[in-house]
Amino acid sequence: MAAPVESKIDCILFSEFHPTAGPKITYQVPEDYISKELFDAIHIYIITKPQLQGRLIMANVFGKKIMGCPVCIDHPKYARNALIFNICFVFASTANSRPYEKIVRKLSTYLISLEKDSGLISNEDSKTKLPKIMSQILTDLNEKGSCAVQVADEVTTIYLKTVQVTSTPTEVHLHDVPIFTVKKDSFFPQQWDLTTQQILPYIDGIRHISRIAAEADVAISLVKSCTENMLYYGVITLLPIFQYSNVYTVTAKINHLAEDVTLQNECIKYAIKAGMQA
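Residues numbered from 1 in each chain as written. Predicted model: local features only at pLDDT ≥ 70, side-chain atom pairs only at ≥ 80, totals over all residues. Heavy atoms only, no water.

**Examining the overall build of the chain**
Alright, step 1. The helix and strand tally for the chain stands at 9 helices and 10 strands.
Alright, step 2. C-alpha extents for the chain along the principal axes are approximately 75 × 40 × 35 Å.
Alright, step 3. Counting all 278 residues of the chain, 39% fall into the buried class.
Alright, step 4. Contacts in the chain between residues far apart in sequence, at least 24 positions, make up 60% of those at least 6 positions apart.
Alright, step 5. Roughly 16,000 Å² of accessible area belongs to the chain as shown, and the carbon and sulfur atoms make up 54% of that amount.
Alright, step 6. Of the side chains in the chain, 27 bear a positive and 28 a negative charge, and the two mean positions are spaced by 3 Å. (Helix = DSSP H or I, 4+ residues; strand = E, 2+ residues; numbered from the N terminus. Buried < 20%, exposed > 50% of the residue type's maximum accessible area, 1.4 Å probe, protein only. Contact = heavy atoms within 4.5 Å. Areas by Shrake-Rupley, 256 points an atom, 1.4 Å probe, with all protein chains shown as cover. Lys, Arg positive; Asp, Glu negative; His and termini not counted. Charge placed at Lys NZ, Arg CZ, Asp CG, Glu CD.)

Here it is, written out as structure tokens:
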């Protein structure tokens, strides 16, 4: 699900402490978004004092909101016995950046692991892969709200997903019918817990909670819990079960269906059964 306009990431910035040059911008996507003059004025919020390393730092300065989690890896193999860096997300000063707080922390953790495992950052050759990684993260998070970026040897994959801060989801009942609000290929099933992965194939807009539990052979309480979790992240919504004993009527909004071709195609897609062609 695409990020709301008010939450778009404007830039991803990778900065490090050079042993002779000091704090510097190594890479940024898009290029030259943060000028050297601006960086020199704000670098104390990016390459921070030791007391702030490993903490989420947010600075709203000069019309921009910058969020990062400064990292220091101590080891005698590095110049000055430490590798200090930070990968930051940059937003407009008024942007809602809360959905990205966990992502920034998680991304810094990925980079720490990649550095310790393969020297991704300290090796000048492998470090050149960062702009491509950053560019894909920026594009995918803005367009889809999630990303899966293969790194270097194509064995390690960076999984990130925005978390929209919402109210507590509606209680799930046995007769509720879950239906996806996003395309199934827009998120990654392996990001969910094993129980959720087990019930995903049964969510089709037809089966209700009780039926999903029976066919997936999963306890009803677990199906309800997984459904509430997916509701929280906005990937499904709930519909009332269809019953022939009920009386259904259209609203005035039915006129939109007669005039909007895109809406007609969406309606057909949701109305046909899986495996059938329109």
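What follows continues from the structure just given.
**Overview of the pattern of salt bridges**
Alright, step 1. Enumeration over the complete set of coordinates arrives at 6 salt bridges.
Alright, step 2. A salt bridge links lysine 36 to aspartate 40; the shortest N-O distance between them is 3.0 Å. Of this pair, lysine 36 and aspartate 40 both sit in helix H1 (residues 36-42), separated by 4 residues, roughly a single helical turn.
Alright, step 3. A residue is classified by how much of its surface remains accessible, and lysine 36, at 58% relative accessible area, is exposed.
Alright, step 4. Among the residues examined, aspartate 40 registers a relative accessible area of 40% and is labelled partly exposed.
Alright, step 5. The salt bridge involving glutamate 215 is made with arginine 211; its shortest N-O contact spans 2.7 Å. On the criterion of helical spacing, the pair formed by glutamate 215 and arginine 211 is a turn pair, its members being 4 residues apart in helix H6 (residues 209-216).
Alright, step 6. We classify arginine 211 as partly exposed; its relative accessible area is 35%.
Alright, step 7. A single salt-bridge network, built from bridges that share partners, covers Asp204, Arg207, Arg211 and Glu215. (Salt bridge = Lys/Arg side-chain N within 4 Å of Asp/Glu carboxyl O.)

**Re the packing of aromatic side chains**
Alright, step 1. Within this structure, the stated rule accounts for 4 aromatic pairs.
Alright, step 2. Summarising the aromatic geometry, the rings of phenylalanine 89 and tyrosine 100 are spaced 6.2 Å apart at their centres and angled 70 degrees between planes, so their arrangement reads as edge-to-face. Note that phenylalanine 89 is positioned in strand E6 (residues 82-92) and tyrosine 100 in the loop between E6 and helix H2 (101-118), a separation of 11 residues in sequence.
Alright, step 3. Judged by its relative accessible area of 0%, phenylalanine 89 is buried.
Alright, step 4. Through pairs of rings, three or more aromatic residues link up here, namely Phe89, Phe91 and Tyr100. (Phe/Tyr/Trp six-rings, centres within 6.5 Å; stacked < 30°, edge-to-face > 60°.)

**A look at the environment of isoleucine 25**
Alright, step 1. Counting through the fold element by element, isoleucine 25 comes out in strand E2 (residues 22-29).
Alright, step 2. Judged by relative accessible area, isoleucine 25 falls into the partly exposed class, the value being 22%.
Alright, step 3. A sequence separation of 169 residues divides isoleucine 25 from leucine 194, and the C-alpha atoms of the two residues are 40 Å apart.
Alright, step 4. Apart from the residues within four sequence positions on either side, isoleucine 25 is in contact with Leu13, Phe14, Ser15, Ile34 and Phe39.

**Focus: the nonpolar core**
Alright, step 1. Residues Phe14, Phe89, Leu111, Ile137, Leu141, Ile158 and Leu160 are the most contacted members of the largest nonpolar core, which totals 36 residues.
Alright, step 2. With residues near it in sequence (within four places) discarded, isoleucine 137 still touches Ile12, Phe89, Leu107, Cys147, Val149 and Leu160.
Alright, step 3. Counting 18 residues, the second-largest nonpolar core is a separate cluster that includes Trp192, Ala213, Met230 and Leu231. (Core = buried A, V, L, I, M, F, W, Y, C linked by side-chain atoms within 4.5 Å.)

**Side note on unusual backbone geometry**
Alright, step 1. The omega torsion of the bond from valine 29 to proline 30 falls at -5 degrees, within 30 degrees of zero and hence cis.
Alright, step 2. Backbone geometry places aspartate 32, a non-glycine residue, at a positive phi of 60 degrees.
Alright, step 3. Take aspartate 32: it is sitting in the loop between E2 and H1.
Alright, step 4. When its relative accessible area of 65% is taken as the criterion, aspartate 32 is described as exposed.
Alright, step 5. The backbone of arginine 80 shows a phi angle near 60 degrees, a positive value even though the residue is not glycine.
Alright, step 6. Looking at where arginine 80 falls in the secondary structure, it is placed in the loop between strand E5 (71-74) and E6.

**Comments concerning helix H4 (residues 130-144)**
Alright, step 1. When the terminal C-alpha atoms of H4 are compared, their 21 Å separation across 15 residues agrees well with the 21 Å that a helix rising 1.5 Å per residue should span.
Alright, step 2. Within H4 the residues assigned to the buried category are Leu130, Ile133, Met134, Ile137, Leu138, Asp140, Leu141 and Asn142.
Alright, step 3. Positive phi appears at glycine 145, one or two residues downstream of H4, with a value of about 80 degrees. (Expected span 1.5 Å × (residues − 1).)

**Topic: a nonpolar patch on the surface**
Alright, step 1. A cluster of nonpolar residues, Phe242, Tyr244 and Tyr248, forms a patch on the protein surface that exposes about 450 Å² of accessible area.
Alright, step 2. Looking at the secondary structure, you find tyrosine 244 in the loop between strand E10 (236-240) and helix H8 (254-259). (Patch = residues over 30% accessible without salt bridge, like charges linked within 9 Å, V, L, I, M, F, W, Y side chains within 5 Å.)

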